[in-house]
Number of protein chains: 2
Amino acid sequence: MEISVRYPKQPKFFTQRWTPLILRELGAGSHRFSELQQGVPRIPRSLLSQRLNELEDAGDVDRRMDAEGKRPEYHLTTSGQEFFGIVMALGEWGQRWANQDIDPEDVDPDLLMWDMRRRINLDKLPEQRVTVQFDFQGVRQQSFWLMLERSELSVCMFDPGFEIDMIVTADTLTLHKVWMGRTPLQEALRDELITPEGPRALTKAFPSWFALNVFAPIPSAVSQVSTN
Amino acid sequence: MEISVRYPKQPKFFTQRWTPLILRELGAGSHRFSELQQGVPRIPRSLLSQRLNELEDAGDVDRRMDAEGKRPEYHLTTSGQEFFGIVMALGEWGQRWANQDIDPEDVDPDLLMWDMRRRINLDKLPEQRVTVQFDFQGVRQQSFWLMLERSELSVCMFDPGFEIDMIVTADTLTLHKVWMGRTPLQEALRDELITPEGPRALTKAFPSWFALNVFAPIPSAVSQVSTN
DNA sequence: CAGTATCCGATGCGATACTG
DNA sequence: CAGTATCGCATCGGATACTG
């Protein structure tokens, strides 16, 4: 560790790009290579592979075959889990102190959707499958389809062909702000910045199954008004 | 913050080399440019300057003039202090999990002395000034002189000319291991790996004023025996 | 699907020299 | 003492292509 009195040969590791994000995604529950790729979009596959190898060598990630012995899975080891705690602390710090004015270009709809998916409260939804279409407006226009069942949840980046039960339309940046707890969901709904369309029963239930980011409750420590 | 859903233009900051070490040194109580340089040896002055500017721009470090309004001082802001907490958590993690076999080349006598100096318990020393010479043996042979007074403490890298009250001789790596809590001080003294020479009163008091690294009490989580 | 190999361009950093 | 400016090398990582 750099914090120590000695200087390691490789000042690598958490200093390297992507590594903390990969640890975050592992800690959040992704275990397959493809899941990790979704949770850390924009990372080249070659780098994800390389980083996972490094983390395995360092003893922070355990690579093993799944129950059927077919496909590889990645899990945090004890040291990896402890490091994940630090990554979360970084996240909290970011939520408290990070710059408030966000460049819309920096918000990634894919990652936003992937993160939101993880927090969705399936047991607040009806028994039968619900298909929700998300229309992201703004600089990066994009649509997603969520198939929500009690036992399973999947995201598509193309229309799956099922009947659409509900369409949620929102500007990507707005949705990001709500997701991060910077704008109250109720306010955005009231102002029709986020518009759920469909049967009343579903649109009304929307706020109950659409949970926010884990950091959303943490308030910003930066005054919103002044510019210094 | 990278941990969030957005990708900042500059994935900079704590990812950058030296930045966490500078924050550590600031948190440890160094405020002058020259102190920071000593506490973060091997950093080019130009980079230290650059990093301090970046940290100031980010609002994590406050640069101001000292009481006499003569020389600049650097202090952590609130956000900087909170980040310092994370840096300390990184340090703890390192102490628990970092590789046990240390390359002697990686241990920096300058930094070791600078760190030890900070923890010395001055009120466990006699009233009058005590001059202690430290002889570091091993790959990087080097000597230091500590002038210890009740009110002040200074380190020299050359013989200050005062009468030497005590000479402590030790291999640099051994001293590092003791400093990090990996080898008990009493054991190293008993085995004469660390040899304080001088008046009995002083050598006997040595363990009382020579305090270890803050992380020393944290045990390693890595089994020392097995090699996997 | 789950990777690996290679190549090339960007940038980060260390060395050196210079300034108030 | 407390910096800043410049410059060239090394490394890091993104793109692309290929493999079991």
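What you are looking at is a predicted structure, and each value in this text was computed from that prediction instead of being measured. (Residues numbered from 1 in each chain as written. Chains lettered and ligands numbered in written order. Predicted model: local features only at pLDDT ≥ 70, side-chain atom pairs only at ≥ 80, totals over all residues. Heavy atoms only, no water.)

Taken together, the neighbourhood of DNA strand C is formed by 18 residues, with A:R45, A:S49, A:R63, B:R17 and B:R51 sitting nearest. Restricting attention to atoms of DNA strand C within 4 Å of the protein, one finds that 71% of them are sugar or phosphate atoms. In this structure, a phosphate oxygen belonging to DNA strand C sits 2.9 Å away from a side-chain N or O atom of A:S34. Taking A:R63, its side chain carries an N or O atom lying 2.7 Å from a phosphate oxygen of DNA strand C. Of all elements in the fold, only α2 (33-39), α3 (45-58) and β2 (72-76) of chain A together with α3 (45-58) of chain B reach the threshold of two or more residues within the surface near DNA strand C. When the residues that make up the surface near DNA strand C are grouped by side-chain class, the tally is six nonpolar, five polar and seven charged. (Near = heavy atom within 4 Å. Polar contact = N/O pair within 3.5 Å; in protein donor to acceptor, adjacent residues only side chain to side chain. Helix = DSSP H or I, 4+ residues; strand = E, 2+ residues; numbered from the N terminus. Nonpolar A, V, L, I, M, F, W, Y, C, P; charged D, E, K, R; others polar.)

With that settled, consider the domain arrangement of chain A. Residue and element names in this part refer to chain A. Looking at the assigned domains, one finds that chain A contains domain 1 (12-98) and domain 2 (104-208). The gap between the C-alpha centroids of domain 1 and domain 2 is 26 Å. Taken together, both faces of the contact between domain 1 and domain 2 bury some 880 Å²; the carbon and sulfur share is 38%. A per-residue breakdown of the area domain 1 buries against domain 2 is headed by Q38, R42 and Q95, which together make up 54% of the total. In this structure, the salt-bridge partner of R24 is D115, at a minimum N-O distance of 2.7 Å. (Domains from an automatic or database assignment. Buried area = accessible area lost by both parts, 1.4 Å probe. Salt bridge = Lys/Arg side-chain N within 4 Å of Asp/Glu carboxyl O.)

Right, let's talk about the packing of helix α5 (residues 109-119) of chain B against helix α6 (residues 172-179) of chain B for a bit. Residues and elements named next belong to chain B. It is the contact of α5 with α6, at a shortest axis distance of 11 Å, that shows an interaxial angle of 40°. Here α5 and α6 pass one another in a crossing that is left-handed. Here P109, L112, D115, M116 and R119 of α5 come into contact with α6, specifically with T172, L175, H176 and W179. Of the residues in the contact of α5 with α6, the class split is five nonpolar, two polar and two charged. (Axes fitted to C-alpha atoms, helices over the stretch in contact; angles between N-to-C directions. Left-handed = near helix turned anticlockwise from the far one by under 90°. Contact = heavy atoms within 4.5 Å.)

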